[in-house]
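# Reading the structure
For reference, the chains in residue letters:
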Amino acid sequence: MKKKPKTNKIRTIKHHKPNCNKISKLAIDTLTVHAGGMQDAYGAVVPPIYQVSTFRFKNVNQGVKIFQGTQKGYIYTRLGNPTIKTLEDCVASLENGVGALACASGMAAINTVFQTLLSQGDHVICGNVLYGATTSLLKNILTKFGVEISPVDTSSLKECQNAIKSNTRLIFLETPANPTLAISDISAIARLASNSSNKIILVVDNTFCSPIIQKPLELGADIVIHSMTKYLNGHADVVAGMIVVKDQGLFDKLRTVLNDTGGIIDPLQAFLVHRGIKTLALRMERHSFNALKVANYLQDHPKVKWVRYPWLKSHPHHSVAKKQMKAGGGMISFGLKGGFKAAKSLMNNVQLCTLAVSLGGVETLIEHPASMTHFHLSPKDRIAAGITDDLVRLSVGIENVNDIIKDLDQALTKS
Ligand code: PLP
């Protein structure tokens, strides 16, 4: 008689609980190394890459049970995959959520949230300063499906309050905002949202901070978004996104929409982001240390007209930043007295800093939002949002800060 194949080892994988920080009270820098741990059949120390599309069932009964959810197991990678789950559990743990959903990009994560929560006739209050594609998705795509949007300055609680209507379903904001670094008071807006009669859901894009610097769910937000392309991965070699959720019911709804629409991350990208997260705490500390030094240097430079950095006292929302952030992060925006002409010369003359969009990687990047990341916006909307033509955005890397300053200095002498 033919011997039966041995138990399917894949189903012996055990994942640690996502909110293990609550259980074991580990510090966040310990969690970046250990959260989302997986025990596979061979005792691998880091999660193996399950680069597979489909998983074998032992028999029909087992397949039926896994589909019905009465037995744990994997079916098909769009619906779940051990490497992806390891990353999801890790980020859920860092953000202190009940669960997380890894997506193909930050925009796929944002779109999944909108598709899950919004229906025709719903109203969204959104920041008037957001990453360009987020504004475009809201303004040019969601409105086609009968969703109404009100862009407001979310750093003003009054503007948020005045924008609430009987059909407001969701508030979406970035803090610090890309690229003006405007800060919105998460806990005050969360109170506003939860006290409203229509129980508005607050979604915070936490890309600029990462959970090392800011934890929106602990401040009252319902959902956190990450473009993991940025700090979470940190090495400018992956495009990926994440949704982290506080409530199990909301998580289940989002999971269903992501399963059905298919904007999932693939296992190799999930592995790379998980590897990147292991050094997240170290990197955020260095990004913040370097950025504060660079911001101070720029502030004192005679050719610099203005500097925006949350940890500078001159930032108009400095006190809110201090209340909800643990450090200033790695992003700076600034303008030169010589306007766009001088900024162009600066960007053309840097040698160590790289002229490129994106942010949050180990290397220092410089770019011009009005003509690059935020070019979708009309000049009127850009001005309303404070994205002036002279604004230069700097993503300060983890190089030796003296080298970054030396490079900016030599480029500024030519501007
Ligand atoms: N959110 C913010 C704040 C961003 O800066 C970006 C991209 O730059 C996104 C979302 C979109 O992320 P992705 O490019 O991974 O789709």
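The notes below deal with the structure included here. Chains are numbered independently. Their residues run from 1 in the order of the written sequence. Only residues with pLDDT of at least 70 are given local features in this predicted model, and only at 80 or more are side-chain atom pairs given and counted; all residues enter the totals for whole chains, interfaces and linings. Derived side-chain values reflect all non-hydrogen atoms in the structure, with water molecules and hydrogen atoms excluded from consideration.

This part covers the overall build of the protein. Labels follow the DSSP assignment, with helices taken as runs of H or I lasting at least four residues and strands as runs of E lasting at least two, numbered in each case from the N terminus. When helices and strands are counted, the protein shows 16 helices and 14 strands. The C-alpha radius of gyration computed for the protein amounts to 22 Å, which stays within 12% of the reference 22 Å derived for 415 residues, consistent with globular compactness. Reported as C-alpha extents along the three principal axes, the dimensions of the protein are approximately 85 × 50 × 35 Å. The buried label applies to any residue whose accessible area, calculated with a 1.4 Å probe on protein chains only, is under 20% of its type's maximum; exposed applies above 50%, and partly exposed to all values in between. Of all 415 residues assigned to the protein, the portion counted as buried reaches 57%. Counting only contacts in the protein whose residues sit at least 6 apart along the sequence, the fraction spanning at least 24 positions is 73%. Within these notes, the globule rule equals 2.2 Å times the number of residues to the 0.38 power, and the radius of gyration is based on C-alpha atoms. Throughout, a residue-residue contact means that at least one pair of heavy atoms, one from each residue, lies within 4.5 Å.

On to the site of the ligand. Taken together, the neighbourhood of the ligand is formed by 13 residues, with Gly106, Asp205, Ser227, Thr229 and Lys230 sitting nearest. Counting of polar contacts relies on pairs of N or O atoms within 3.5 Å, with two restrictions inside protein: one atom must be capable of donating a hydrogen and the other of accepting it, and residues adjacent in sequence are counted only when both atoms are side-chain atoms. Here an oxygen atom of the ligand sits 2.9 Å away from a polar atom, N or O, in the main chain of Gly106. Its free accessible area being 390 Å², the ligand has 91% of it covered by the protein chains. For the shell around the ligand, the class distribution of residues is four nonpolar, six polar and three charged. By convention in this text, a residue qualifies as near a molecule or strand provided that one of its non-hydrogen atoms is within 4 Å of it. Only the protein chains shown count as cover for residues, and the accessible areas themselves come from Shrake-Rupley with a 1.4 Å probe. When residues are grouped by polarity, Ala, Val, Leu, Ile, Met, Phe, Trp, Tyr, Cys and Pro land in nonpolar, Asp, Glu, Lys and Arg in charged, and all others, Gly among them, in polar.

Okay, unusual backbone geometry next. The omega torsion across Thr175 and Pro176 is -5°, close enough to zero to call that bond cis. Mapped onto the elements, Pro176 comes out in the loop between strand E6 (168-174) and helix H8 (186-195). A cis geometry characterises the amide bond from Asn178 onward to Pro179, with omega recorded as 10°. Along the chain, Pro179 falls in the loop between E6 and H8. Phi angles above zero are rare outside glycine, and Ala236 is one such case at about 55°. Within the element layout of this structure, Ala236 appears in the loop between strand E8 (223-227) and strand E9 (241-245).

Only strands that DSSP links by at least two bridges are regarded as paired with each other. Note that strand E4 (residues 123-127) and strand E5 (residues 148-152) share five bridges and pair parallel. Of the residues in E5, the one forming a bridge with Gly127 is Val152. Place the viewer so that the strands point away; then a crossover is right-handed whenever the path from the first strand over the helix to the second strand goes clockwise. At this point the chain moves from E4, through helix H6 (residues 132-141), to the parallel E5, and the crossover so formed is right-handed.

Mapped onto the elements, Thr112 comes out in helix H5 (residues 106-117). Owing to a relative accessible area of 3%, Thr112 belongs among the buried residues under this scheme. A distance of 2.7 Å separates a polar side-chain atom of Thr112 from the backbone oxygen of Ala108. What Thr112 contacts, discounting residues up to four positions off in sequence, is Cys103, Ile243, Leu254, Val257 and Leu258.

Moving on, we come to the state of the cysteines. Disulfides are defined as cysteine sulfur pairs within 2.5 Å. Scanning the model with the defined rule gives zero disulfides in all. As a non-bridged cysteine, Cys126 has Cys160 as the owner of its nearest cysteine sulfur, 10 Å distant. Not engaged in a disulfide, the cysteine Cys209 finds its nearest cysteine sulfur in Cys160; these two sulfurs lie 17 Å apart.

The next subject is the sheet that holds E4. Pairing is mixed across the open sheet formed by seven strands, whose spatial order is E3-E9-E8-E7-E6-E4-E5. Strand pairing shows two members of the sheet lacking a second neighbour, strand E3 (99-103) and E5, which therefore form its edges. With strand direction ignored, the average angle separating the axes of adjacent strands in the sheet is 20°. Only the stretch in contact is used when a helix axis is fitted, and all axes are lines through C-alpha atoms; the angle between N-to-C directions ranges over 0 to 180 degrees. Here helix H10 (residues 248-261) sits on the sheet and contacts E3, strand E7 (201-205), E8 and E9; the angle it forms with E3, its principal contact strand, is near 20°.

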